[in-house]
Amino acid sequence: MCDFLFSSFTQTVEHGFPNQPSALAYDPKLQLMAIGTKSGAIKIYGAPGVEMTGLHKDTAAVTQIHFLYGQGRILSLLDDNTIHLWEIVQRENRSHLVEVHSFNLPGRPGIESTSATRVTVMLLKLSCDLLALGTEGGGVHFLELPTLTLLNKSLFQDEIMQSIPEEYKCGKSLGPVESLQQHPQDSDKILIGYSRGLVVLWDLNSRHVDNLFLGKQQLESLVWERSGNSFVSSHSDGGYMVWAVSSSNPCTHDPISSTIPYGPFPCKAVNKILWRTTESGSPLVLFSGGMPRASYGDRHCLTILQDSSHVTLDFTSRVIDFFTIHCTDKDKEFDDPSALVVLLEEELVVIDLQMAGWPTVPAPYLAPLHSSAITCSCHISNVPPKLWERVISAGQQQCPLQNYENWPLCGGKNLAADPKPKELLLTGHEDGTVRFWDASGVSLKPLYKLSTANIFQTDGDHNDSLTQAGEEEWPPFRKVGCFDPYSDDPRLAIQKISVCKYSGKLVVAGTAGQVIVLVLSDEKSDHMIDVATVDLLQDREGFTWKGHDRLPPKSGSVVFAPGFQPVVLVQCMPPAAVTAVTLHAEWNLIAFGTSHGFGLFDYHRRSPVCTLHPNDSLAMEGPLSRVKSLKKSLRQSFRRIRKSRVSGKKRVVVNSPTSKVQEANAQLAEHDAEVTPVQRRIEPRSADDSLSGVVRCLCFADTFLRDGTHHGPTMWAGTNSGSVYAYALDVPSQEKFSEQSVEALLGKEIQLMHRAPVVSIAVLDGRGNPLPEPYEVSRDLAKAPDMQGSHSVLIVSEEQFKVFMLPKVSAKTKFKLTAHEGCRVRKVALSNFTSVSSEEYSENALVCLTNLGDIHVFSVPALRPQVRYDCIRKEDISGIASCVFTKTGQGFYLISPSEYERFSLSARVITEPLCRVDVERPHDLSAHRKKSHFKLYYKKKLHTMTVFTVFLIK
Amino acid sequence: MNKNHRVPSNRTLSAVEVKSKFGAEFRRFSLDRSKPGRFDEFYGLLQHVHRIPNVDLLVGYADVHGDLLPINNDDNYHKAISMAAPLLRLFLQRKEEADYSAFGTDTVTRKKTPAALAAVLLRPDANKKKPPIIISLPKDFRPVSSIIDVDILPETHRRVRLYKHGQEKPLGFYIRDGSSVRVTPQGLEKVPGIFISRMVPGGLADSTGLLAVNDEVLEVNGIEVSGKSLDQVTDMMIANSHNLIITVKPANQRNNVVRSSGGGSSGRSTDSNTSFYGYSTPGSMVMTPSHIIQNYEPDEESEEEEDLVIEADRGAKLFPQAGARATASTSMPALPRYEPHLDLRPSNGTMASSVSVGSLNACDRGLEGRNLEEEGTVITL
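Since this is a predicted model, take the numbers as computed values, not measurements.

(A) Representation of the overall build of chain B. Scanning chain B from N- to C-terminus turns up 10 helices and 17 strands. Counting all 381 residues of chain B, 47% fall into the buried class. Total accessible area on chain B stands at roughly 18,600 Å², and carbon and sulfur atoms take up 53% of it.

(B) Quick peek at the overall build of chain A. Counting its secondary structure elements, chain A contains 11 helices and 65 strands. Split into buried and exposed, the 954 residues of chain A put 57% on the buried side. Once local pairs closer than 6 in sequence are excluded, the contacts in chain A between residues at least 24 apart make up 59%. Within the structure as shown, chain A displays about 39,900 Å² of accessible surface, and the carbon and sulfur contribution to it stands at 50%.

(C) Region of interest: the sheet that holds strand β36 (residues 477-479) of chain A. Residue and element names in this part refer to chain A. Taken in spatial order, the five strands make up an open sheet running β23-β24-β25-β26-β36, and their pairing is mixed. In this open sheet, the two edge strands, each paired with only one partner strand, are β23 (270-278) and β36. Within the sheet, the average angular offset between the axes of one strand and its neighbour, ignoring direction, is 20°.

(D) Helix α4 (residues 385-398) of chain A, seen in detail. All names here are of chain A. Taking 1.5 Å per residue, 14 residues should reach 20 Å; α4 reaches 20 Å between its end C-alpha atoms and fits that length. Buried within α4 we find L387, W388, V391, A394 and G395. For α4, the buried positions fall inside an angular range of 135° around the axis, keeping them on one side. The exposed residues of α4 that point more than 90 degrees off its buried face are P385, K386, E389 and Q397. The elements touched by buried residues of α4 are β33 (424-429), β34 (433-438), β35 (445-451), β39 (514-521) and β43 (563-573).

(E) Summary view of a nonpolar patch on the surface. Taken together, the side chains of V181(B), V183(B) and L188(B) make up a nonpolar region of the molecular surface, amounting to roughly 340 Å² of accessible area. Take L188(B): it is sitting in strand β9 (residues 187-199).

(F) How the structure looks around unusual backbone geometry. Residues and elements named next belong to chain A. Backbone torsion omega between G263 and P264 reads 5°, so that peptide bond is classified as cis. You can see P264 is positioned in the loop between β22 (257-259) and β23. One non-glycine residue, Q31, lies in positive phi territory at about 55°. The residue Q31 is located in the loop between β2 (21-27) and β3 (32-37) in this model. Non-glycine residue R755 carries a positive phi angle of around 60°. For R755, the location among the structural elements is in the loop between β52 (743-751) and β53 (758-764).

(G) Broad picture of the UniProt feature "repeat: WD" (unreviewed entry) in chain A. UniProt tags residues 424-438 of chain A as "repeat: WD" (unreviewed entry). Helix makes up 0% of residues 424-438 of chain A and strand makes up 80%, while its end C-alpha atoms are separated by 5 Å.

(H) Molecular detail of the pairing of strand β19 (residues 230-235) of chain A. All names here are of chain A. Most of β19 sits inside the fold, with six of its six residues counted as buried. Neither face of β19 is open: one carries S230, V232 and S234, the other F231, S233 and H235, and all of them are buried. Alignment of strand β18 (residues 219-224) against β19, held across five bridges, turns out to be antiparallel. Across the sheet, residue V223 finds its bridge partner in β19, namely V232. Here β18 hands over to β19 after five residues, with G228 in that stretch at a positive phi of 85°. When β19 meets strand β20 (residues 240-244), the two strands line up antiparallel, connected through five bridges. When the bridges of β20 are listed, S233 appears paired with M241. Count of turn residues in the β19/β20 antiparallel hairpin: four residues, of which G238 carries a positive phi of about 90°.

(I) View of the side chain of S180(B). All names here are of chain B. Mapped onto the elements, S180 comes out in strand β8 (residues 173-184). Using a relative accessible area of 8% as the deciding quantity, one classes S180 as buried. Among the polar contacts listed, one links the side chain of S180 to the side chain of E216, at a separation of 3.2 Å. Beyond its immediate chain neighbours, meaning those up to four positions away, S180 contacts E189, K190, V191, F195 and E216.

(J) Summary view of the environment of I52(B). Residue and element names in this part refer to chain B. As for its placement among the helices and strands, I52 is situated in the loop between α2 (39-49) and β3 (57-62). In the structure, I52 is positioned 30 residues away from F22 in sequence and 9.8 Å away in space, judged by C-alpha atoms. Among residues more than four places away in sequence, those in contact with I52 are F22, Q47 and L57.

(K) Quick look at the confidence of the model for chain B. Residue and element names in this part refer to chain B. Put simply, chain B has an average pLDDT of 65, and 52% of its residues get 70 or more. For chain B, per-element mean pLDDT is lowest for strand β17 (residues 378-380), which scores 31, and highest for strand β10 (residues 216-220), which scores 93. In this model, residues 104-128 is a region of pLDDT below 50 whose contacts with residues beyond four sequence positions or in other chains number 31 contacts. Note that residues 262-304 has pLDDT below 50 and, in this model, 102 contacts with residues that lie over four places away or in other chains. Per the prediction output, this complex has pTM 0.74; the corresponding ipTM is 0.74.

(L) Here's a closer look at the side chain of D431(A). All names here are of chain A. Inspection of the secondary structure assignment puts D431 in the loop between β33 and β34. Taking the relative accessible area as the measure of exposure, D431 reaches 18% and is therefore buried. Polar contacts involving the side chain of D431 include one to the side chain of T433, which spans 2.7 Å. Here D431 is in contact with S372, A453, S487 and L492, once residues within four sequence places are set aside.

(M) Spotlight on the packing of aromatic side chains. Residues and elements named next belong to chain A. Here the structure, examined in full by the defined rule, presents 25 aromatic pairs over all chains. Among the aromatic residues, ring-to-ring pairing joins F213, W224, F231 and W243 into one connected group. Over the ring of F142 we find K153; its NZ or CZ atom is 5.9 Å from the centre of that ring.

(N) Broad picture of the pattern of salt bridges. Residue and element names in this part refer to chain B. Under the criterion given, the structure shown has 39 salt bridges over all chains. Notably, a salt bridge pairs E216 with R182, separated by 2.9 Å at the nearest N-O pair. Of the two residues, E216 sits in strand β10 while R182 sits in strand β8, which places them 34 residues apart along the sequence. Residue class for E216 comes out buried when judged on its relative accessible area of 5%. Classification of R182 as partly exposed rests on a relative accessible area of 30%.

(O) Structural context of the UniProt feature "domain: Lethal giant larvae (Lgl)-like C-terminal" (unreviewed entry) in chain A. Under the UniProt annotation, "domain: Lethal giant larvae (Lgl)-like C-terminal" (unreviewed entry) lies at residues 707-907 of chain A. With 5% helix and 49% strand, residues 707-907 of chain A has end C-alpha atoms that lie 40 Å from one another.

(P) Just the sheet that holds β35(A), in detail. All names here are of chain A. Spatial strand order, β31-β33-β34-β35: four strands in an open sheet with antiparallel pairing. The open sheet is flanked by β31 (374-380) and β35, the only strands paired with a single partner. Strand-to-strand twist across the sheet, computed as the mean angle between neighbouring axes with direction ignored, equals 20°. Sheet topology note: the β33/β34 ladder contains five bridges and is antiparallel. Residue pairing in the sheet places L426 in a bridge with F436 of β34. Seen against the sheet, α4 touches β33, β34 and β35 and runs at an angle of roughly 75° to β35.

(Q) Looking closely at the pairing of strand β64 (residues 915-921) of chain A. Residues and elements named next belong to chain A. The alternating pattern of β64 places C915, V917, V919 and R921 on a buried face and R916, D918 and E920 on a face that is not buried. The pairing of strand β32 (residues 413-414) with β64 spans two bridges and is antiparallel. Residue pairing in the sheet places K413 in a bridge with R916 of β64.

(R) Broad picture of the environment of I260(A). Residues and elements named next belong to chain A. Checked against the element boundaries, I260 lands in the loop between β22 and β23. You can call I260 partly exposed: its relative accessible area is 38%. Spatially, the C-alpha atom of I260 lies 40 Å from that of E51, the residues being 209 residues apart in sequence. Once residues lying within four places of it in the same chain are set aside, the contact partners of I260 are D237, G238, G239 and C267.

What counts and how
Residues numbered from 1 in each chain as written. Chains lettered and ligands numbered in written order. Predicted model: local features only at pLDDT ≥ 70, side-chain atom pairs only at ≥ 80, totals over all residues. Heavy atoms only, no water. Helix = DSSP H or I, 4+ residues; strand = E, 2+ residues; numbered from the N terminus. Buried < 20%, exposed > 50% of the residue type's maximum accessible area, 1.4 Å probe, protein only. Areas by Shrake-Rupley, 256 points an atom, 1.4 Å probe, with all protein chains shown as cover. Contact = heavy atoms within 4.5 Å. Pairing = 2+ DSSP bridges. Axes fitted to C-alpha atoms, helices over the stretch in contact; angles between N-to-C directions. Expected span 1.5 Å × (residues − 1). Arc of directions from axis to C-beta. Patch = residues over 30% accessible without salt bridge, like charges linked within 9 Å, V, L, I, M, F, W, Y side chains within 5 Å. Salt bridge = Lys/Arg side-chain N within 4 Å of Asp/Glu carboxyl O. UniProt positions renumbered as here; feature names shortened; annotations may be inferred. Polar contact = N/O pair within 3.5 Å; in protein donor to acceptor, adjacent residues only side chain to side chain. pLDDT = per-residue confidence, 0-100. Phe/Tyr/Trp six-rings, centres within 6.5 Å; stacked < 30°, edge-to-face > 60°. Lys NZ or Arg CZ within 6 Å of the ring centre and 35° of its normal.

Have a look at this one:
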């Protein structure tokens, strides 16, 4: 294997929705959006394909972020009270978000309490040269930008207090600064809102209080009306007030209006309010919170009000922050908001404010992958154009708005050419849906959603109608967003997916032993689903299934929209979760396995071909022994309880001098047992290990099983106890499919001596290449496999890789990974690595992710180790479990429930962002500091800099 | 040829099926379990059945553990008959071309009558008159552990090899994290290490006496454990459990192997202190030799890990479903299933001649305790 096939391991891009977002910002000039997270990451998004990420050195939550409009700079405030300045810079031909400055507000001399200088709010002046910080102590501090130097003109409460009328003071402090807002017309004036309710209009130049607004309700947020003649305040009692600003009246006692929209009963606080004027008439009021405490206090709501139009957007997760995209041109008279962007804890929702009814705009990125928990994933590379188009058209019929042209965030330019080889990522979810994602580029776009719940009768059906009926009343709730953490029925969860990309056939298998064969259809259909029950335990006596019931299929016909439509439902009995599934569309066969055995099913004739259950075989003894071991463990635990009871009594009853010594000894022993550190038992895997009957992998191959001269269809199954079963299949030719049935004959049974679970089985042709997929050869899409040379089978267990020659099953090569490295195989795939210099040259390699989170690459079939990379933290078990490899040496794994990290092992196939953001920077700090020749530009005071990021799909 | 028919018939009848192999030929016959007769009669019967009246034979059988044990007197003959469940597999060899390495040396000639044996044993001073026959040679035993590489290791270290192979006994020890002190160029340094934390009483590790609690584990099968986590070392040991070689620094340094300063250091690693585990059956006075040879080969690694491959293409047959019967929402009433047709093949030489002991072993372990018939299954390697 040549070195030039592998680049160094690169983690290229994150797909999905950032985990635990905590802050949101928008730059109307560059049209970029930034999201900060609790883990200290800042992510910038613009037009689809424009993405950048920065990570703070300390993992403190980002509480606030602000753009320096148009400059490509961001200020972030962290949980640890530090302020950081970030810049978008170009380095090594790739753009980075780089931290250039940080600042920590020093405590006031003499005052030890640090909470007094804790920053509560930040105000960035529009001119971007001054930053005002409001603190918990009620002081306002000013920093010069972009140097982040503290100016000696802090404003403390004492100064304000002097101008407050006596009757308002009551000897109480004003509380922390809750809001700072710059006057929309006069940039020297800022509005300061204190927690107690007092709002002050402060002139920065003259250091003088212009106006006082003596609010009596605890303040939550402030917003200016565009003209600067009035502002709106929101309060903790769920109300908002409109205040008039006039120079004639320096001290206002009462607002123009005060409303509690969801009163009169006690309401929750209105956390944030926006007031946007429109050309068409009355202003648009948007606020979060304010729901009646008793009845809807637990809802996450955002209200949009305009005249008589009133919508309460009801989200499934907490509202973090929101902003409107509106006209910021100073010459224009109105805000005229075009869109509302709401960042929720689990998703991003965009509402079109110009269209009637305020519909949602589908997002081209930041897709909430986890709208229902991801239970499995499957990647399809090189998707044929025909299948691609059909999936897209099926998706468009599901969701007609699925064009991203009216996406309001369009900053930056995506320089990447449309990726040529289309890639699909399929995710199976807990609610029984399978989502199809466009994984060809940087942004993971949702294409199509398939639901399997509609063919079953579930309890969820009734619930839906009930909740809908309840929501006709006040307030006018509208459910928005797709994040749904509640699964109607956990049995619906998808466990395994297998696809034939050429025939558009799909097999999905779930937790209740359901295996569904679906066919892609462009027409709507209304049909009955054939149900076949396959009993994997046949006449096994004395076995009772104590797990969940099967899902009852719907009787009668079901209407299916264009897309993947079920044709057959195969129900495994007992209804244990399906642990492996595979499809061979050319032979019309599916194979599936559970913890109780496996079955082969001819979906064309709707007839099972064969099943194998533990009784039939020597090595497959799992469930039997599991019953035994359960009994055993129960018995043991009872014994333990009894023992502890007995010994407990003893201690009380016996009271002789000798017993005291015994007691002391016993206590000492107990103490010892507690102190005993973590220890591991060294014992070889025994045959009656529980779960040994679990079928771990299944594969179809056209190869030599019985003799070296005749090849034919075969099916291979590997179990948890290190057994491999190979069946020779007699598949009739295409014409005779209806008349003749498929027959299966057990050909070989291999028992791996080390008994480790078999993770994967693949058959290699005479040249050592993996066999092509079904239809690839018959449709001239792949080179025919070498049927002259002798085939071999690669069996990967959790501990070893082994290549056996066929048909004799004689060991050829092996690599004992665990014996050498102490790590165990978790995920494995055969990937094709193409050389950077020549497209013709490629090699196959075995890519393996271990339980330690590192990736090993081995040559095939020699099984020589090539390279090793650290990939996932070994503690991140769900990340390791979620990893999926592509056929071109890339891979995905979940870094959080909602985000896939994409990585690449290949030197040729790398997917990473390539975008350009034009920024104007008056003072370029990074350039000034980093490179001397940038000084020239620096002197020019204002220059245009172009930032590149690279998006390569070679 | 129905399995359900055969199994009870074997159990109810007290007949022992005997399958005897000489060269490439098989013979099958049965014996009455309750009246096996004497060994000489049995020996004659074998010669008769195989039609080799004047050939001196060495008779061996595969015991339940898959070990090749000799039959050369009444005691082990009876033992073999009583343990046969239900099939007794015999392997005959010509005495002159007998592969003595396949099992222990013939310490007891077949002429020895039980009376003579008893006489030897009853009178302790008998061996003054008789040639020494009671003390068995090391190869009549199964090795369970050994200290190896004494000449290349520092005296403070001990490399112990545990033969789990073919043993029903648990390995029986636990390991833990800990810290040890190392001498480095910077002086003494505390480094994390792996230690033996517990021995299971009666386990293999305990019974050898070569490992003890608090011994520091330095290497596992030649791979250093430093820098590896407890779980990694656990997995390494389990993965190597068939032939586990651990290098330890014993907590008790007083029992170290002392190298003689003179000659004897051959330069190559040797098994210097192999402890053996008697493998005699309780009924027999004579030590039954077991197959231990492969454990002495230095590079048997590939041998002992041989996977078991069962060719099932003759026996197993799957019935195809008669017609497509599954229609909409009907469950399949009867599904075809894998039904092993275990034909009892007469004497057509299904047992390949080069049965390696390792595979037999595995096969028998699989059979053991399930009373499954194995006739008709071809085992190849």
